[in-house]
Every structure is written in structure tokens, then in C-alpha cells.
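Now for the letters of each chain:
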Amino acid sequence: MSLGTALIANRKLKAKLGPPDVYPQDPNQKEDDLSAVHVKQGFTTSYVNLSSSDEYGSALSKAAGLQPSKIWNSFKDILSKKEELNTLQESKDKNKRQPINIRDDFWLVTGKTKSLCDKYFKELAGDKDFRLLAKRVPIFNKNEDILIKLVEFEVPCSRGVWLIKMHAAYKAAMQEANKSKHKRNTVDPCIEWTIALTRFINEQRVELQQIVNTNNNSPGTGLASMVEEVRPENSIAYKQMTYCWDLCENMYGQGLLDRQEFLQAIVDIVEKTREPEEPLFRLLMPQLLKYINEFSQNELLARKLAYQCARKICILVLDTEAYEANSEPNNQNNKDKVLMLPGTNEPLPPTFAGLLELQRDKDYNRVIIITLSAVMMQICLDCPTAMVWHYWSENKTPASLLGSPMDCLPDVRPYGLCTPTRADTPEFRQKVKRMVMHADERSRAVYEHWSSNGNEAAISSTYGTVGKILSVLEELDRFVFDRSDSSNCVDVLHNKMWGEAPAPGQGVSNEDEAVVMILCQWAVTNNRSGEHRAFVAAKLLEQRQSDLLSPDTGEEKDEEDVYFTGPPVFQELLFKFLDSEAPYFIASQSSKKDKNEVANLILLFHELMAHDVFSHDAYLCSLISRGDLNTPLQRTGVVDTPDNEGVVDGAEGQVGTPSGPSDVWRYNRHWQFTYHFPIPFPHEEGSSHDINQRHVLLYGSGRGKDETSKQFKKLTKEILKLFSKRFSVDVAEGGKIKKHHKSEFIFGEVVSKFQELSFFDQHAVTSQCGQTVIEMVQAFHGCSSAIHLPVIEHVSFLFDLAGQAFNIQYLLEWCIALLKELPLVESQLIERGSVLTRNYTTNMALYIVGVLKRYHAVLILNESDVKSAWDSLVKISYRHSSVPQESPRHDSSGIRRPPNLDCNSAEWCIMSYLHDLVISCPMIKSINDTAKEKYQVLRRLFNYSPEPSLSPYQVNDQFVEMFKIYIKDPKNRKVDPLIVRYLHEKPENQYSLVVSVLISVINDQLDTETLNNLAILCCELTAQCSTLAQEWLGALFALCCANDSAYVDLLARVNLMDPIHDRLGVFVSILIARQCFSLQSFVVGVVTRSLVKAWNEGKGSPGHEAEAGARLSLHLLRKLFGTVESFQPSFYTIASPRAYPSNPLGIKLSCDRHLLAATHANISSGILVGAIIAVLKALLVLGHSASKGSRDVSSLASLTEEELSKLLLGDLATWTLHQICGQEWVRDRCLQVPDELLKQGILLDPFLKPQQAQSLLQLICHMQTPLSGKKHKDTSKTISHIIDELDEWSLRASMVDIKLMYHRLEDKKGEWVEEVSRCIVDSFQLGENGENLDESNEDSESDEPKPKKPRTEISKKNKKQKYGPIWMVAHLVKHLKFLQPKILKVAAIVLEQGNWSRTAKSRVSTGHQPFLQLILTCLKENEYSDKDKISREEREQEKEHLLQSLHTQLSTFLTPA
């Protein structure tokens, strides 16, 4: 079939024509009768008189009675007759045959007959009749000679094809004549000429390439300047190649070529072309366009051609200057080369910039890129199967058949490639896009092995919903919220959780509902920690809402012009969450867990409202329509039952308002939510309606509303007193603060009143006060007559109040706004010559840095806030501090350490946070060149880890005497530069300073203020003399490890047996908080070594001194690892002198508490997971080996210092281990990457026994131990307990727990795996029917198996769970690949034990969806895991065994009884 006829044949018929009518012809019909009347008058008849309707009716009625067998037989007869007629039959009478006369009609061309041959070809090139030319046809020995002659005499292709046909006829005649003499296989002339033509074309291409290379290598020559004879387009090779392509087109259309071989030859030419910019490759473009429709009819050839075209496109794009420039748009060298989006300042994506450059190159590359793009698009349209992804595990498969050709494209889909601009270009691209999406769907199906358990089918089922919930939790748990870069940002998390953008108008799906619910639960629950969860959930829901309302179609939209009306998309789902799952107060004395969850809920919905995901107005309207607030009083008595979860709101209640804050718990959930939910942006006009509506619904319009407003205004006025002139810093008087009596403002009473307010009022109070502070600071630098600044401690108190109110977003906004004002304040202080210069702004910035570090994970969610904070902090920290640019010095050990700086402690902490910020957000480095330079300086300062200095020195008495005045009165003493110079000059002075300070801390009964001031003074010195960090670590090492080789003077003057832990703990905490040395260095270099020394490898007591050092290490570790209460009102006072609580001692400044808590975070200055696990292992082995008492102290919640001093070392280590493992941040950090826990040297440590490693993991994960006790070794009971406790929050820990059991087994692994597999299969109770129906969970799905009686208690305990633990088993096993083969084996055995006969009274329970999903999961995972050959063979064997068993059981079931 020619190309033209192929196009006609591919035309579609008109739609909906219906079956054709048939009018059969009768041999004896009347109109064929040639009578005289018919001849003269014509055939005339009347339809009325006809007895048959054949002439005017339809044959469809007759066709209905035809038998298919007769039709098929008749059709086969037709095909046989057609084949017979198309076959040349040999005549029986040989005399009647007309053989070809070889001697007369053909003659062989030789050198002597050259003139005759030339004459013949001249006639052939003319218009001489073929009948005359056929009488004497020249014959050549080589087919190539014919082609050369055809080109030489410029014979038209159609006449040249005739000569080739005559040549083929001659060869056929010769084969027939020689058939009797030589038995040879008949050669197909189509294949012969296909090979000859393609070989000849390749030879001409080689000659052309040589000509091009010769011309390119000749200096001063080119295509435009070459002599006429040497131009490639005038060469004989070019003419011969062009003629052969035309000849191939003619012969291909007539079916004279082998299509498969010819098209494969074209693919080979494309593949062998290395550089797509070669001139010969450009000449190939017309041929690709000619035969593209032919390629699309063969999937294999289409895939190979598409693969090669995609690779060529990738090479072309990557070699363009635009691609390189747009890849680094901020590079100054690429400034003039970057291509921008039309009408914007945003650079184009690099791939599209490269494509645009190629398309603009009209002289050369435009033809190539558009042709290759057209080939890709046409194959997508006509043969999308060629684009489907596929993969074979063997390495013998050609690269063109692996994966998908689209994988080779440079970050662009086929419908985004270049194409000429036409009227129907958008429509054409949409067609290609639909076919690409179709190929993607099939690719996913291939990847899933065409499993019936696909996404669309599974998501509607319970298993699919549970799977989506668990996958979302997995992504959230793995995500590092303390870092934001291209691979770890909210956009990446959004894509992983929601997948591809939805279709326009799709609406909220079941999958969306599952994700929304689990996001809300994740942000609220106590099973995870961190205030950042509410902000992340709000941002994710906001992005999804935007996708649903205006899905990304690839076109640019102006965000300012997009408005949506009506309630938010997820309003109903969020209302459903509040109505059924949200926590609220149900008792007068709520637990800490309940209070935390309610606070998390309020923070979440505040952020949802701020992001326009939840409408407060629509929420209140729904409550009004339902009447929830008409009778809100639900509980009139005191509810203090242990099982508070069983108390729910009644259907009816009473009218009334609470008499006080303590009565709020008596009201229903929605009244409490309305009472507490803060309304964002209260000062905007749109919020006034919501605020008034809330007041009227809660208190009415009378006295109740006025009383509440009065209480709020009174407290606001009282707090604002702190920022009046009387309580502020007077810059004109040298920064003095007037003395006040403590009764003028009692912080404790203000805090108590503040905590009695609703969260709504707390937000309002802190917002108003925060705005006042900002206005006060702005007035100072904006007006020369303003002389008052707010006291830093008072601002810190307001920060703490905002944190208690969970007014976090506004708190961060205040901090950033204040940071912007501080450089202006500093300029004013310098201009006025104030003594507050440098100190006020840096200390205020230090408090702000403490807040930013505390809420670091929230701050980095907003890129603009990060950049603003960076710019302001850089201006503050580098204004006075001198940072030398030389390379860092090295000590004798070769450890890098920072140079000495002229900066105070506050500036050092600010620069430390700048380093944390740039490491967490690498995009800061691309702001400008200054940011890059700052990053290099910060990296040099903080990219080191000091080691304890153990060099023996002597105390310099003269220096100690000089420094005594600082130790006695460290408050408000400016560090003398002479002291700093002495510290730099002699290491002995550093040694003397550390010894004298620690002796004072340990021996002197310092009060809280003096102790804190002394620690801050030491931080100031360490900031200016960095080598002091090693001395502090060395001294602490000597105290904790009882090392008598260093710091002998210190050990001789202190008694480790005395109660020194509290004072030293506060001192060390402040040093670590202010980055004198890191928590990582202290834990690894001091604490862990001390505990290992006390362990003594389990050989007994290491001595009293070592035990005393270990006890000190335990107390310090508990102080540093414990939860830092950032808000402690007792440390705030306006009295002079200030009276701080002395028992217990604590950290005075709020900023220090914030900075200490930040050392637990996953930032550059925080502690690493490896160090956490190391110290926990040391605690574990010490607790097991050291002396212990008779009672179990691990279960004790808290102990006094006196009780701790009486504990033996083993009990103290065990109690400390439980206290540290009980911290939420320890659990979350360790479980963030669970696979890291199972590495060698972590929990797979040879020094840990298997049971010890298991118990440590359970402590870290907060897992409950079985009721039978900790020391039982019954595997079935352990696994049963894990499954019973399984839920979405504990799945991750349970998976690591079982993996650890498996890896710690030394022998009998096979028996253990089989026992665990049997226990897992038995948990489904496959053989039980209706025995425990009364004990089923009401919230579970109908096809969930009924639990056994022992699970009744667990079912009551997990009453709030929507899905029972049995639904989680399949997802648990998905990560336990070593169990999957055995589970298949055990499942086959258990199913075979069931009675499948029709008459059986008891059978395996039907509709057991969870068990089915377990089997499918094991089968599916088996196909993907092929790490080792032995296990793969085992898996295949178990799979075949299961399938054979199921086949046998099914056959038995279908056999009639």
C-alpha cells in the first residue's frame, strides 16, 4: 500500500450510519428481460403489484435468518478462490507456456558494450516506449552498477523502477532455468534490493562525511567560500544518495521493498549518528517525515526511533547556551544570556530556554529540533504503546527497549516540544497530552504488574483508605521540618502526599477526605510533637484547595485576579472533624495530654482560618442552624472518672453562661471551640463581623458581653504598664531604669489572670501589647525627642505570654518587625552617644533569636520571613564585631577552630543562628554575593568540634586575683580588654580562669542571679577567646571522668560527693545554650566517656571517684536532655534588688532557655541522632551492670534531689534512662529515619545483648510492654502484643521492633520467622465464624474480622480508633520482606485446613478483605525484591505453592457434593 492509499485507508467512517442495506440481485429478474417492449419503452412496473419486496425493501430481514456457520463457510470459499486466482499456476501443457527469452531480451553489460549501454540509458531517460526498451534489456552483475547508471543519466525514478523490475525478472528466469542443475534457495528480490539500496546509501553518506570533514579542516574555507567543485551538495555522492532516497520512496510505495528491513535501516542511521548537529543528520530529516506514519504501524520500530529522537533532543538542548545560562540565572557571567518569561522578570526553565534557542536558529537547528519533536508527537498520537514504560530485570535487553522513550527527554513532556505555529496548535498539543497521559496510566499499570488492586479500585476500599493514611504519616514522619531546600520543602511534601494535580472540577475525593482527616489528627495528637505541625497542615491544605479550585494547566495566571466565593473547599470535612474527632475538655481537672491536644487544636484552626481554609463565619452559621449553642450546658456535675473518654455530649442541654473559666468544661464541644478559637487579623474590617457574632452567641448582647470585655481591657491595661515611660529605659539618663517595689507589678498574678482568659482573649491581649512595643521602638528612631525604649526583660515577658497563648504567627511577625527596627535604633544610640550602644540592640536581638530558634521549623516555612530575618541579623551582628578573613588557626591536634573575634556573647549567638539558618535554608546563599561571603565566614567559624583540653598547667595566682572581682560581682561588669589579652597570651591564664570559676560555682553557695550572671560573663569571655571552649570541656571531663592527669588543682579543691549538681547543671546549661561549646561535643566527649568508664565493661565497680563522676554526668545529662520550660514567671520581677527563687536553681533568662531547647532540634548546632543513641546505650549498660537496689525505680515519675542522692548508681542510671527516653523530642528524632537505628554500631551493637537492644528501642518509641512482663521470651506472645497495640501512630515503631528482633537473632532464624508468620496469620482468626460477634468494634468496617476475647480490653482502650489493628497488618508486613515467603506458606497451610465443601457447617470466614490484602501484599512485594538469588527462588517456590493450593481448594469447592 502506498503512502497515499494508506492515508485514505486510515480515514474514519461517518459515525452512527447503522448497518448497510443490501439489495440482492436475482438472475431471472424482469428488468434484465430484453423484450421488444422493454427495448422501446423501457422497463416500467408498479411497486403495488410486486409480490416480493426485494426491489424496494431491505435484505436485513432475510439476513436475520442466516446461519453463522454457512456465512463462515462461504467466506472461506471466497478466500480460497481469491488465493487460487492470485497464484500463478504452472500450465500442464509445457508447449503453451511463454517463457522469458533470456538470450533475445537481455544482454550482459561488459566493457565492449559500454557505448550500447550508454545509448540504452539515454533512451530510458527519455520517453521511449517500454515495449521497445524491453526487447533488449542490459544486465549488470552488481545492483550498485544499475544505481550508478540511473544517477549518471538522470533516469526518472518511475522508469528506473521499471528497469529494476526487468532485472528482477531476469534473475527469476535464470533461477528457474538453473533450478534443475543447482538446488538453491530462491532469493526474494524485495529483500535483495532493500539491502542493496540501504548499503549504497550508507556508502554515499560515508563519502559525503569525508568531504565535509575535509572542507571543515581546510583553513579559511567553509560551505559559503568553497570552490564550486568541492561543495558537498554538488558532489556525486550527494546526487547518488538523493536519487536513491527518491527511488526508495517509489519502490516502497509499490511494495517492492522489505518494509521492516528498510525502516530498521533508517533507525540504524539515526542511532549511529552521534552528534545531532552533523550536516548528514540534517539531511535525514525529510526521510523521517516521509516514513513517520509507517514507523507508527510497528510498535518495536516506533519505540526504537522515539528513543533515539529523545536522546538527540536531550543532547541538543543540553548543549545550548540558553540552557546553561538559565540553569544558573544568578551567575553574573550569564546575565545577558538568560531568557525570561514574557512580561515577567522570572527566568524560563532551562529546558524550555534551550528549546527556544534551537527553534530560533532558523539557519540550521530549527529544522532538526522541529522534525525530531514532530516524530515524538506523531508516535505519541499514532502508537502510544511505544511510549509505555517497561523493564526487564536481565541486563541483555537493549537500552532502547528499557523504560520509556520519554525518560530520555530533558525535563519536558512530548506535548511541550517544539512545533510550528498553526491555528490548531493548542488542539494538537491537547491530543498529544491525552495520549501521553494514557501511556502514563499504562506505564503505572505495568509497574504494578497489572494488579487488580490498583489505586482507583483500592482507594475506595477500607484497605486503600488505611494505606493512604499510613503513606501520608510515613511522609510526614520522614520529612525534616527543620530544613528547607529543593528536595525537602513543603511543595515536595505536598506532591508526595496528594500526587498529581486534579482535573478541573473534580471536587473533593475520598482520598482527599482521608488525607484531610489524618492531617488534622497529626497536627493535634500527642503521639507526635511540635507546634510546626499546625502551620504545615494549614499550608498543605491551602495548596490543595488552590489545586482543586484552579488546577495547574501549564498556563500562567495572575494570582491577584483569582477570587473564589462560597465556603472553603474543606469546610465540611473540617466541621466533621470538629464534630466527631476533635479533643475538648470533659472534666474539671484535665490531664496534661488533654490540655496539649486542645491547645494544638486551637492553634491548628487559627492557622486554617488565617490561610482561608476554614471559615469562622460559615462555622458559626452551621452551629446556629443546628442549634448547638442554644442549650450548651451539658455537664452539671463533677466528672472525675478515670475513663473520661466515655463521657460525651448529650443531645439536650441547658441554657446559661459559665460563671468562671473553671466552668467551661461543662459546656458542649462546639461552645468550647467558639469560646477559644482566635479569629486571625482582628484589626481588619472583615473580622469585626465574626468577632461580634461570636460575642453575641456566647454571652448575648447584655451584661455578659460587657463583663468579658471589661476583664480583657483591664488585663491589657495592666500589661501595658510595663511599656509606659515609668517602666522603660531612659536613654537620656544613661539607660537607667527607675526603681520599683515588687508590688507595683506582680508577674505571677498577671500570668494567673492571663491563663484564666480564653485563647481568643489571650491572642487579643498579646496582639495589642505587641503592637504597642513596635510603635514604641519606631517612635524612638523616628522622633528625636523620644528618649524611652522598652526594657528587654519586659519584651521577653510579652514573648513568653504570646507563646503561652499559641499566638506564634504574630509573635514571629513582631520579632521580624523588631529586627528591622533595631539597626535604626542602634544608629540613633550611636548618634546620641548613649552607653546603651551595642549592648541594647544585640541583647534585644539575642532574645529575638531565642524565639526564632524556638520556632525555627515555623519560620522557615515562609521564605520571605527567612530572608528578612537574615538581612536584619547580619546588619546587627556585623556592625560592631570584627570578623577576620584569614584562615582558621589550628591547634596541636589539628582540629579546626575559629579565630578570635571582637564580639560579645549575644553577637556570637546571633552569628551561630545565622549559620544554622543558612545551613537549613541554602537558598539564602543565592540572595546576593554578600550572603555568599557571609556564609563562607560563618562556615569557618562554626564548622568545627572542640575536643577537651587535657594539658597540665599551673594556676596563675596573679591572674586569679585580678579576676576575683568578676567572680564576686559578675553583674553589669564590662569585660576588661586586658583580661582578654591575657587569656590570649598564655594558656595558663585560660586554665586558671576555668579552675577559679568552677571552684566558685561548686563550692560557693551562689544564688540564682549570681550564678546566671557568672555563667553569662564566662560566655562573654569565651566569645572573645574561642580556645576557652576546649578548656571548659577539659575541666568538665576531669570532673565527670575523675581524670587525675588534668585539672589537678580543680579536683583537689572540690568534693564530688557534695550536692553540686544543680549549680553546675545551670552553669553548663547556659554555656551550651550560648554556644560556648555544643551539646554534641559535651555528650560525646565528656558524658559518654564518663558512663563507659563507670560501666567498666561489666567487670565490677570502677572506684568511688569514677562512680561520683558518673553520678555527676547523669545529673547533667538529665538537666540538658529534659524538656526546657521556656516560660517561668517566677524569674520575672521589677523589684530592685531583684529576688529570684533559690530552690530550685534555674536559668534566669528566657532567651537562654529557648537557646538550650533549640539544641535538641535537627539543625547544625543541635545534637545528632548517633550521639543520642550512644549515650542511651551507655545508660542502659551502666544500669544493668552497676549496683542496684531492691525496688524498681523505672516506673517512678519524679524524685527529689534527696531521693536521687540515696539511689545506687545502677538505679540512678536506669531512672535517668527512662526520663530521657520519655522525652517526645528523643522519640521523634530517633524515629525520623528508622533504618538508621538498624545499622551496625547503633542498635546492632555487639556490646548490647539482644534483649537490651529490644528494651532500649521500646523505651525510645514509648511502646508498652506485654502484660506478662518484660523478660518473657515467648515470641508468639510478643508478636501478638505488638499486633494488638498496632495503630497508625505505632506502626513505624512496631516495624523497627520486629526488624530488630530478626537482625539480633544469632541462630534458628528460620524457626523464628515461621513462628512469627504463623502468629500474624492466626491474628486474622480465619477459622472462626460468629463466635465473638458481641465483642466486635463498632467503629470498624463490616468486613473486618471479629477479635478474640483477649482483645476486648484493647478494643475498649482504642475505642476512638476508626480502623482496627487488623487493617494495619498488611502495611506492617510490607516493610518486613523477610517474613513474606513464610507468610505465604503458612497462609496456604491454614487455608487448606478449612472445610470448603458445600455441606460444611463451619468454613473459613468469607469476605475477609484484610487477609486478602495481606496475601496480595506479599505476592506483590515478592516480585519487586530480587536482591539475592536464593531468597528469590524461595519466594517463587512459596508463591507457586500458594497458587497451587488455592487452585486445589477452589476445585474442591466447585466439585458437587
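All values reported here derive from a predicted model rather than from experimental measurement.

Let's talk about the overall build of the chain
Point 1. Along the chain, the regular secondary structure elements total 63 helices and four strands.
Point 2. A total of 1457 residues make up the chain; the buried ones form 50% of that total.
Point 3. Relative to all contacts within the chain whose residues are 6 or more apart in sequence, the contacts with residues 24 or more apart total 76%.
Point 4. For the chain, the computed accessible surface area is about 73100 Å², with 51% contributed by carbon and sulfur atoms.

A look at the environment of Lys753
Point 1. As for its placement among the helices and strands, Lys753 is situated in helix α31 (residues 747–756).
Point 2. Linking Lys753 and Phe712, residues 41 residues apart in sequence, is a C-alpha distance of 9.7 Å.
Point 3. Residues in contact with Lys753, not counting those within four places in the same chain, are Leu715 and Glu718.

Some thoughts on the packing of aromatic side chains
Point 1. Taken as a whole, this structure holds 35 aromatic pairs when the rule is applied.
Point 2. Judged by centre distance (4.8 Å) and plane angle (55 degrees), the ring pair of Phe479 and Phe481 falls under tilted. Each of the two residues, Phe479 as well as Phe481, counts as buried.
Point 3. Between Phe614 and Tyr619, the aromatic rings sit 5.5 Å apart at their centres with planes inclined by 50 degrees, giving tilted as the arrangement.
Point 4. Members of the aromatic cluster, joined through ring pairs, are Phe575, Phe577, Phe605, Phe614, Tyr619, Phe673 and Phe677.
Point 5. We note Arg694 situated over the ring of Phe760; from NZ or CZ to the ring centre the distance is 3.8 Å.
Point 6. A cation over a ring is seen here: Lys925 above Tyr935, with NZ or CZ 4.5 Å from the ring centre.

Describing the side chain of His532
Point 1. You can see His532 is positioned in helix α24 (residues 532–549).
Point 2. Filtering out sequence-adjacent residues up to four positions away, His532 remains in contact with Phe481, Ala857 and Val858.

Quick word on the nonpolar core
Point 1. Counting 314 residues, the largest nonpolar core has Phe605, Phe1077, Phe1082, Phe1121, Leu1176 and Ile1320 as its most contacted members.
Point 2. Counting residues per element, this core draws most heavily on helix α34 (residues 808–832), which supplies 12 residues.
Point 3. Beyond its immediate stretch of four places on either side in the chain, Phe1121 contacts Leu1079, Val1083, His1160, Ile1167, Ile1172, Val1175, Ile1220, Gln1223 and Trp1225.
Point 4. Membership of the second largest hydrophobic core comes to 89 residues, among which are Leu208, Tyr252, Leu316 and Leu358.

Considering the pattern of salt bridges
Point 1. Under the definition given, this model contains 35 salt bridges.
Point 2. Close ionic contact of Arg626 with Asp579 constitutes a salt bridge, the shortest N to O distance being 2.9 Å. With Arg626 in helix α27 (residues 616–626) and Asp579 in helix α25 (residues 571–580), this pair connects stretches of sequence that are 47 residues apart.
Point 3. Among the residues examined, Arg626 registers a relative accessible area of 41% and is labelled partly exposed.
Point 4. Notably, a salt bridge pairs Lys867 with Glu863, separated by 3.2 Å at the nearest N-O pair. Residue Lys867 and its partner Glu863 are both found in helix α37 (residues 863–877); the two are separated by four residues, about one turn of the helix.
Point 5. Looking at Lys867, the relative accessible area reads 31%, which means it is partly exposed.
Point 6. Three or more residues are tied together by salt bridges with common partners; here these are Glu474, Arg478, Asp1235, Arg1292 and Lys1299.

Regarding a negative patch on the surface
Point 1. A cluster of like negative charges, contributed by Glu1306, Asp1307, Glu1311 and Glu1315, occupies part of the molecular surface.
Point 2. Within the secondary structure, Glu1315 is located in helix α58 (residues 1309–1322).
Point 3. The exposure class assigned to Glu1315 is partly exposed, which follows from its relative accessible area of 35%.

Side note on the environment of Gln634
Point 1. For Gln634, the position within the fold is in the loop between α27 and α28 (669–676).
Point 2. Between the C-alpha atom of Gln634 and that of Trp665, which follows or precedes it by 31 residues, the distance is 9.1 Å.

Some points on a nonpolar patch on the surface
Point 1. Together, Trp72, Phe75 and Leu79 make up an exposed nonpolar region whose accessible area comes to about 320 Å².
Point 2. In this structure, Phe75 sits in helix α4 (residues 68–86).

Topic: unusual backbone geometry
Point 1. One non-glycine residue, Asp411, lies in the positive phi region at around 60 degrees.
Point 2. Taking the relative accessible area as the measure of exposure, Asp411 reaches 66% and is therefore exposed.
Point 3. Residues other than glycine seldom take positive phi values, yet Tyr1047 does so here, at roughly 50 degrees.
Point 4. Inspection of the secondary structure assignment puts Tyr1047 in the loop between α44 (1028–1041) and α45 (1048–1053).

Re the packing of α25 against α27
Point 1. Where α25 meets α27, the closest approach of the two axes is 11 Å, and the angle between their N-to-C directions is 60 degrees. Taken together, the axis directions place α25 and α27 in an arrangement best described as oblique. Helix-helix and strand crossings are classified by hand; for α25 and α27 the assignment is right-handed. Across from Gln571, Phe575, Leu578 and Asp579 in α25, the residues of α27 making contact are Ala618, Tyr619, Ser622, Leu623 and Arg626.
Point 2. Tallied by class, the residues present in the contact of α25 with α27 amount to five nonpolar, two polar and two charged.

Some points on the confidence of the model for the chain
Point 1. The predicted model of the chain has a mean per-residue pLDDT of 80, with 81% of residues at 70 or higher.
Point 2. Within the chain, no element has a lower average pLDDT than helix α59 (residues 1352–1357), which sits at 39, and none a higher one than helix α26 (residues 592–610), at 93.
Point 3. Overall, residues 1–5 carries pLDDT values under 50, and its contacts beyond four positions in sequence, including any with other chains, amount to seven contacts.
Point 4. For residues 1328–1359, every residue scores under 50 in pLDDT, and the model assigns this stretch 53 contacts once sequence neighbours within four places are set aside.

Considering the state of the cysteines
Point 1. This structure, assessed with the given rule, holds zero disulfides.
Point 2. Lacking any disulfide linkage, Cys157 is separated from the closest cysteine sulfur, that of Cys244, by 9.0 Å.
Point 3. The class for Cys157 is buried, based on a relative accessible area of 17%.
Point 4. Cys380 forms no disulfide, and the closest cysteine sulfur to it belongs to Cys383, at a distance of 9.6 Å.

Re the environment of Asn202
Point 1. As for its position among the elements, Asn202 is in helix α10 (residues 189–217).
Point 2. In this structure Asn202 comes out as partly exposed when scored by relative accessible area, which is 35%.

What counts as what
- Residues numbered from 1 in each chain as written.
- Predicted model: local features only at pLDDT ≥ 70, side-chain atom pairs only at ≥ 80, totals over all residues.
- Heavy atoms only, no water.
- Helix = DSSP H or I, 4+ residues; strand = E, 2+ residues; numbered from the N terminus.
- Buried < 20%, exposed > 50% of the residue type's maximum accessible area, 1.4 Å probe, protein only.
- Contact = heavy atoms within 4.5 Å.
- Areas by Shrake-Rupley, 256 points an atom, 1.4 Å probe, with all protein chains shown as cover.
- Phe/Tyr/Trp six-rings, centres within 6.5 Å; stacked < 30°, edge-to-face > 60°.
- Lys NZ or Arg CZ within 6 Å of the ring centre and 35° of its normal.
- Core = buried A, V, L, I, M, F, W, Y, C linked by side-chain atoms within 4.5 Å.
- Salt bridge = Lys/Arg side-chain N within 4 Å of Asp/Glu carboxyl O.
- Patch = residues over 30% accessible without salt bridge, like charges linked within 9 Å, V, L, I, M, F, W, Y side chains within 5 Å.
- Lys, Arg positive; Asp, Glu negative; His and termini not counted.
- Charge placed at Lys NZ, Arg CZ, Asp CG, Glu CD.
- Axes fitted to C-alpha atoms, helices over the stretch in contact; angles between N-to-C directions.
- Parallel < 35°, antiparallel > 145°, perpendicular 65-115°, else oblique.
- Left-handed = near helix turned anticlockwise from the far one by under 90°.
- Nonpolar A, V, L, I, M, F, W, Y, C, P; charged D, E, K, R; others polar.
- pLDDT = per-residue confidence, 0-100.
- Disulfide = S-S within 2.5 Å.

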